[in-house]
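What follows is the residue order along each chain.
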Amino acid sequence: MLSLSSFYLIVYIWIAVAVFTFLLLLRISAPYGRHSRPGWGPQIGNRTGWILMELPALAVPAIFFFLGQGEKNTVVWVLFLLFIVHYVNRVLVFPFRLRTHGKKMPLVIVFMAVFFNLVNGFIIGYFLGNYGGIYPAGWLSGIPFIAGLILFIAGMSLNWWADNKLIQLRKSSANGYRIPRGGVFRWVSCPNHLGEIVEWAGYAVMMWNPAGLSFAVWTAANLIPRARDHHQWYKETFEDYPPRRRAVIPHVL
Ligand code: NDP
């Protein structure tokens, strides 16, 4: 088993990779969904791509959690189950609800996402499986845990609500796009991304250590550039796009 300081060193290096990835994604939009374009090699069906991309984020934390030699106290069980709830939806429910008939994504995107999810999943699973003993008694009734849980639930609810709303928009228009309206869409183009960022920020607060921080940073590094790209695309595509709407942070970005 790695010492906690060696483990944290790996996590800090991985956070630095996230910052680099963020800067890259600000320049190159990830070529899937509405940003699909030729020139990225062989492609795979969208639904299969989603399942393959996200499967390691469900399986790898579970493997390292159960293999871990640390104390499996209530705190790590609660954190583990909250993580699993999100990824059961993302892997086993969300891809089957998508209205994505005939759409494809580049295999290279799938490989990159698999790699990122392997490392992110390892960090969460390894931490929860091995170092649960660092949480003091009473952690679940302390301020970080309760504040983080509120953020986590709020973010997850927003993410699920917005994903659902976007899936419903496809009802009447084959693979086309419409302007989403109502609820948090009044303020931002991508409440699904905002919800996911808040959710994992909440998780990081609940965990209160570099492993949780790393996951939150990676989520923001992926989704802030993607929301920016979506927002720009909406403005270029729809002449009547609501001018006061922002990309992902109401009134700010
Ligand atoms: P999008 O908003 O791009 O798309 C979600 C689904 O809704 C797709 O099927 C998309 O179709 C469809 N859709 C989107 N906008 C419209 C519209 N205006 N009209 C009609 N249909 C629409 O979401 P992402 O693909 O970026 O992400 C999906 C989920 O995965 C989100 O919840 C996100 O938070 C999460 N995610 C998390 C990441 C992380 O790092 N944790 C990374 C990436 C995603 P189409 O695919 O054809 O565009």
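This text gives an overview of the structure that appears in the document. (Residues numbered from 1 in each chain as written. Predicted model: local features only at pLDDT ≥ 70, side-chain atom pairs only at ≥ 80, totals over all residues. Heavy atoms only, no water.)

## Points about the packing of aromatic side chains
How we decide: Note on aromatic contacts: the rings of Phe and Tyr and the six-membered ring of Trp form a pair at centre separations within 6.5 Å, being stacked when their planes are under 30 degrees apart, edge-to-face when over 60 apart, and tilted otherwise. Throughout, exposure labels follow a simple rule: accessible area from a 1.4 Å probe, protein chains only, divided by the maximum for the residue type, with under 20% read as buried, over 50% as exposed, and the rest as partly exposed. Working definition: helices are DSSP H or I runs of at least four residues, strands are E runs of at least two. Numbering for both runs from the N terminus.
Across all of its chains, the model carries 41 aromatic pairs by this definition. Centroid distance Tyr 126 to Tyr 131: 6.0 Å. Interplanar angle 65°. Geometry classified as edge-to-face. By the burial criterion, Tyr 126 is buried, and Tyr 131 matches it. Note on Tyr 177 and Trp 233: the rings are 4.8 Å apart at their centroids and 65° apart in plane angle, and the pair reads as edge-to-face. Placement of Tyr 177 in the loop between helix H5 (143–169) and helix H6 (191–207) and of Trp 233 in helix H7 (residues 210–237) is noted, with a sequence separation of 56 residues between them. Taking the relative accessible area as the measure of exposure, Tyr 177 reaches 27% and is therefore partly exposed.

## Observations concerning the environment of Val 78
As a reminder, the rule being used: Two residues form a contact once any of their heavy atoms are found within 4.5 Å.
Inspection of the secondary structure puts Val 78 in helix H3 (residues 74–97). Judged by its relative accessible area of 27%, Val 78 is partly exposed. It is 14 Å that separates the C-alpha atoms of Val 78 and Gly 142, two residues lying 64 residues apart in sequence. Sequence-distant contacts of Val 78, defined by excluding residues within four places in its chain, comprise Leu 140 and Phe 145.

## Focus: the environment of Leu 149
You can see Leu 149 is positioned in helix H5. Relative accessible area serves as the criterion here: at 24%, Leu 149 is assigned to the partly exposed category. Apart from the residues within four sequence positions on either side, Leu 149 is in contact with Leu 82 and Met 206.

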